[in-house]
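The primary structure of each chain is shown beneath.
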Amino acid sequence: MGGILSRSLLLVSFFVFSGEVSFSQKENYPKNYFSLPVYPGKPNTLSGALGDLRSNHFHAGIDVRTQMKEGLPVTAAAEGYVSRIIVSRRGYGKAIYVKHPNGMTTVYAHLKNFSKEIDAYVRQEQYRNQSFEVDLKLDETRFPVKREQLIAISGNTGSSEGPHLHFEIRDSRDNFLNPLFFGFPEIKDRTPPRFVELALSPADLNSRVNGRIDRQEFTPVLQPNTRIYTLKDTIRATGQLLLELQAFDRMDGTGFNYGLQCIELRLDGEEIFAFNMEKFPIDVGRDYNYLINYKSRVVDRKRYYRCYNPDNNQLPFFQTDERRGKLQIRDQQTHLVQIRIYDSFENSSELKFYIRGETAPQEVVSRTKREITPGISTAITGDLFKVTGNDSPAQFFAGGKMISVEASYQDDGQHVYLWNLKEGLPDSVRIGEDVLSTGFAATIPAGQEFEYHAGDLKIAFGERSVFEPLHMYLRREGNQLSINDHTFPLRGSIEVSYRTDIPDTLRERTHIYRRVNGSEAFLGGVWDGDRIRFQTRELGTFVPLTDTIPPQVRVLQCTPRMISARIRDERSGISSFRAKVNGEWVLMNYEYKNSYIWSEKADDSVPFEGEVEIEVRDNAGNTQVIKTKVAEPKPRR
């Protein structure tokens with residue numbers, strides 16, 4: 001239970017004594033203050049926990065299962081008042097925020113409906129604003145609630161991937177807290193977390209893992225009748241190493257994978273790194289993408305925890321030694337590495353393996369025969385530029401100079417050359433008769449604004465655009481622009497503008513799309529003459545595409561009781577929709593997952609009658625308008 005981080009405390013402040021880290025406890029979790037908002041007192045299970053590794057974010061609460069269906073009663077977890085109500089097409093969908101006397105706030109999301117009184121108020125505001133989407137802030141007098149009072153009905157709205165209730169507990173500063181530490185007896189768990197894969201990477205040009213400079217993955221094996229995992233072989237390594245971990249928690253009675261609550265890493269018995277997911281701030285933004293292996297997530301859909309504290313990290317999840325948790329192998333001894341992982345119920349598992357030190361990198365001996373690939377291949381990891389070819393030496397051209405570099409080692413019969421990008425960006429590499437243009441353009445500094453200009457191209461980086469210095473490389477093919485590739489994460493947006501040869505007549509319906517693996521996603525953009533300017537939060541390949549096809553609208557019902565339709569757009573996507581009956585605006589709810597819109601009357605007692613107009617607009621500005629008339633439904637035969 002000891003070590004750098006204590007799993008039973010809410011960690012608030014840190015003090016350093018004689019090189020060791022200790023913590024003081026400033027807050028306590030009030031046990032039994034909150035009740036479970038779905039069937040309190042009855043056993044239940046979760047489909048998600050705080051800190052689960054999701055796309056672009058840590059999961060911010062728990063997902064309470066609702067028997068794979070919608071329509072279950074959702075009750076207030078404690079006394080308080082409704083302080084905020086959100087209706088959104090994506091994200092939380094329909095959500096309620098309840099403020100409590102202890103200063104905390106609970107959040108209930110992906111709701112199907114609100115309680116009768118709240119629902120009437122929200123519908124009134126939607127009609128007043130003539131908008132399906134609303135974000136309403138309320139004071140304590142509007143909707144006071146008692147503990148276990150009905151406030152909503154569970155659903156599947158917003159970005160939910162199945163019926164459940166997303167439930168959060170936030171402190172007075174809007175930090176997300178782990179709800180499981182508040183004591184919900186309905187949720188029980190004795191199942192330990194499990195190790196899936198381990199990855200080790202050399203941290204610099206002088207480090208190796210099994211003789212290679214590449215990141216390598218290893219599969220832990222669970223020993224019979226234990227909670228201890230091992231690796232099949234001892235790993236050979238030298239220098240400074242970066243450790244990553246793919247691991248999940250499991251819970252009794254479910255098949256879901258959950259995030260870990262705590263990770264502890266020891267080298268030869270000394271704890272050098274600890275991760276603790278007890279709370280995190282609401283404004284962390286995209287920092288999540290820096291604390292996992294982003295490339296593995298977007299390429300292989302594998303999510304690895306970085307078990308070291310990366311430079312420029314601003315989130316308080318980690319405590320490490322003076323080397324930021326990086327493994328140091330500087331001798332020829334055999335070193336024991338131990339990793340212990342915990343869930344929120346103190347269930348744990350342990351991985352033990354050994355690293356044997358080497359004084360110098362050793363040549364890699366191929367265990368498989370393969371045909372040597374002609375040409376030059378490259379890879380970038382941080383400041384390391386790896387070049388592979390069939391001849392020796394390699395000639396790097398940088399800053400108007402030619403630098404000859406001998407191979408660092410051989411891998412499967414090919415020579416491997418290493419270049420430190422901190423020492424300059426090579427514009428090309430020659431190995432034998434083969435020449436490769438690298439496309440390197442500039443190194444983008446972290447923590448400051450930077451503008452890159454080259455001919456008609458301009459790229460503007462803000463202070464928070466990159467996590468760490470980014471070695472930017474570019475490719476232009478006609479109107480298509482590539483900035484690095486989609487495996488490099490950005491912390492914030494960048495703004496890009498460049499000239500294209502799109503005809504004047506098509507520019508109004510032409511926008512930038514991001515292309516990944518043959519699929520395109522709409523980004524937008526603004527035209528200034530023949531230049532288009534756009535913002536993006538991802539790197540990769542960008543291409544201007546023209547969309548002149550209006551959205552599809554298929555009316556399903558148009559009766560005195562209900563108006564409904566399916567709406568779709570094949571390229572740029574739906575931007576807005578609206579319906580009118582005899583010229584009067586009518587609220588249409590929208591479920592994007594099944595492309596469905598349906599009416600909700602301001603007064604249920606008044607039937608629809610007369611002319612109906614449905615207007616749907618896509619992101620490229622194309623509009624489809626359907627006009628019809630209200631008719632009595634045809635009797636079923």
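The structure presented is a predicted model; accordingly, all values stated were derived computationally and were not measured. (Residues numbered from 1 in each chain as written. Predicted model: local features only at pLDDT ≥ 70, side-chain atom pairs only at ≥ 80, totals over all residues. Heavy atoms only, no water.)

### Things to note about the packing of aromatic side chains
Pairs of aromatic rings are described using the distance from one ring centre to the other and the angle between the two planes.
Thought 1: Tallying each qualifying case throughout the model produces 29 aromatic pairs.
Thought 2: Taking the centre distance of 6.4 Å and the plane angle of 50° together, the rings of F132 and F577 count as tilted. Placement of the pair is F132 in the loop between α1 (116-129) and β11 (134-137) and F577 in strand β51 (residues 574-581), with a sequence separation of 445 residues.
Thought 3: Here F132 falls in the buried class, since its relative accessible area comes to 9%.
Thought 4: Residues F195 and Y229 carry aromatic rings whose centres are separated by 5.1 Å and whose planes lie at 65° to one another, so their mutual orientation is edge-to-face. In this pair, F195 sits in strand β16 (residues 194-202) while Y229 sits in strand β20 (residues 228-230), placing the two residues 34 residues apart along the sequence.
Thought 5: By the ring-pair criterion, three or more aromatic residues cluster together here, those being F58, F176, F273, F275, F280, Y288, Y305, F317 and F318.
Thought 6: For R84, the ring lying beneath its charged end belongs to Y97, and the centroid distance is 5.0 Å.
Thought 7: A cation sits over an aromatic face here: R90 above Y592, 3.7 Å from the ring centre. (Phe/Tyr/Trp six-rings, centres within 6.5 Å; stacked < 30°, edge-to-face > 60°. Helix = DSSP H or I, 4+ residues; strand = E, 2+ residues; numbered from the N terminus. Buried < 20%, exposed > 50% of the residue type's maximum accessible area, 1.4 Å probe, protein only. Lys NZ or Arg CZ within 6 Å of the ring centre and 35° of its normal.)

### Points about the sheet that holds strand β41 (residues 470-477)
Thought 1: Pairing in this open sheet of six strands is antiparallel, and the strands run β38-β41-β42-β48-β44-β45 from one edge to the other. Unpaired on one side and paired on the other, β38 (440-444) and β45 (519-524) mark the two borders of the sheet. Sheet twist, expressed as the mean angle between neighbouring strand axes with direction ignored, is 30°.
Thought 2: Taken together, the four bridges between β41 and strand β42 (residues 480-483) define a ladder with antiparallel strand orientation. Its bridge partner being in β42, L474 is matched across the sheet by I483. (Pairing = 2+ DSSP bridges. Axes fitted to C-alpha atoms, helices over the stretch in contact; angles between N-to-C directions.)

### Here's the deal with the sheet that holds strand β31 (residues 384-389)
Thought 1: Read from one edge of the open sheet, four strands run β30-β31-β35-β34, paired in antiparallel fashion. Taken across any chain shown, the strands that pair with only one partner, and hence form the sheet edges, are β30 (377-381) and β34 (409-411). In this sheet, neighbouring strand axes are inclined to one another by 30° on average, regardless of whether the strands run parallel or antiparallel.
Thought 2: Here β31 runs beside strand β35 (residues 414-420); their pairing, made up of six bridges, is antiparallel. Residue T388 lies in a different strand from β35, and its bridge partner there is V416.

### Here's the deal with the pairing of strand β54 (residues 611-618)
Thought 1: Residues V612, I614, V616 and D618 line the buried face of β54, whereas the alternating positions E611, E613, E615 and R617 sit on a face that is not buried.
Thought 2: Sheet topology note: the β51/β54 ladder contains seven bridges and is antiparallel. By the bridge assignment, A579 is partnered in β54 with I614.
Thought 3: Two strands pair when backbone bridges link them, and β54 and strand β55 (residues 623-629) are joined in this way by seven bridges, in the antiparallel orientation. Bridged to E615 within β55 is V625.
Thought 4: The loop that links β54 with its antiparallel partner β55 comprises four residues; one of these, G621, has a positive phi angle of about 95°.

### Digging into the pairing of strand β23 (residues 270-276)
Thought 1: Counted residue by residue, β23 has six buried out of seven residues, so it is predominantly covered.
Thought 2: Pairing of strand β22 (residues 262-267) with β23, which is carried by six bridges, proceeds in the antiparallel orientation. Of the residues in β23, the one forming a bridge with R266 is E271.
Thought 3: Between β22 and β23, which follow one another and run antiparallel, lie two residues, and D268 among them has a positive phi close to 55°.
Thought 4: Inspection of the sheet shows β23 paired to strand β26 (residues 318-320) by three bridges, in the antiparallel sense. Each residue of the ladder has a partner; that of F273, found in β26, is T320.

### Here we look at the pattern of salt bridges
Thought 1: Applying the stated criterion across every chain yields a total of 33 salt bridges.
Thought 2: Ionic pairing is found between E217 and K302, a salt bridge with its closest N-O pair at 3.7 Å. In this pair, E217 sits in strand β18 (residues 216-218) while K302 sits in the loop between α3 (294-300) and β25 (305-306), placing the two residues 85 residues apart along the sequence.
Thought 3: Taking relative accessible area as the criterion, E217 reaches 34% and is therefore assigned partly exposed. (Salt bridge = Lys/Arg side-chain N within 4 Å of Asp/Glu carboxyl O.)

### Some points on α1
Structurally, the α-helix is built with 3.6 residues per turn, so residues lying three or four positions apart point the same way.
Thought 1: Taking 1.5 Å per residue as the helical rise, α1 with its 14 residues ought to reach 20 Å, and the 20 Å between its terminal C-alpha atoms agrees with that figure.
Thought 2: Every buried residue belonging to α1 is among I118, D119, Y121, V122, R123, E125, Q126 and Y127, and all of these are buried.
Thought 3: At the C-terminal side of α1, Q130 shows a positive phi close to 50°. (Expected span 1.5 Å × (residues − 1).)

### Details of the nonpolar core
Thought 1: Residues I85, I96, Y108, V122, I151 and I614 are the most contacted members of the largest nonpolar core, which totals 65 residues.
Thought 2: Sorting elements by how many residues they give to this core places strand β52 (residues 584-591) first, with five residues.
Thought 3: Sequence-distant contacts of I96, defined by excluding residues within four places in its chain, comprise V82, R84, T106, V107, Y108, L111, F114, I118, I151 and A152.
Thought 4: In terms of nonpolar packing, the next biggest core, distinct from the first, is built from 44 residues, F218, L315, I341 and L351 among them. (Core = buried A, V, L, I, M, F, W, Y, C linked by side-chain atoms within 4.5 Å. Contact = heavy atoms within 4.5 Å.)

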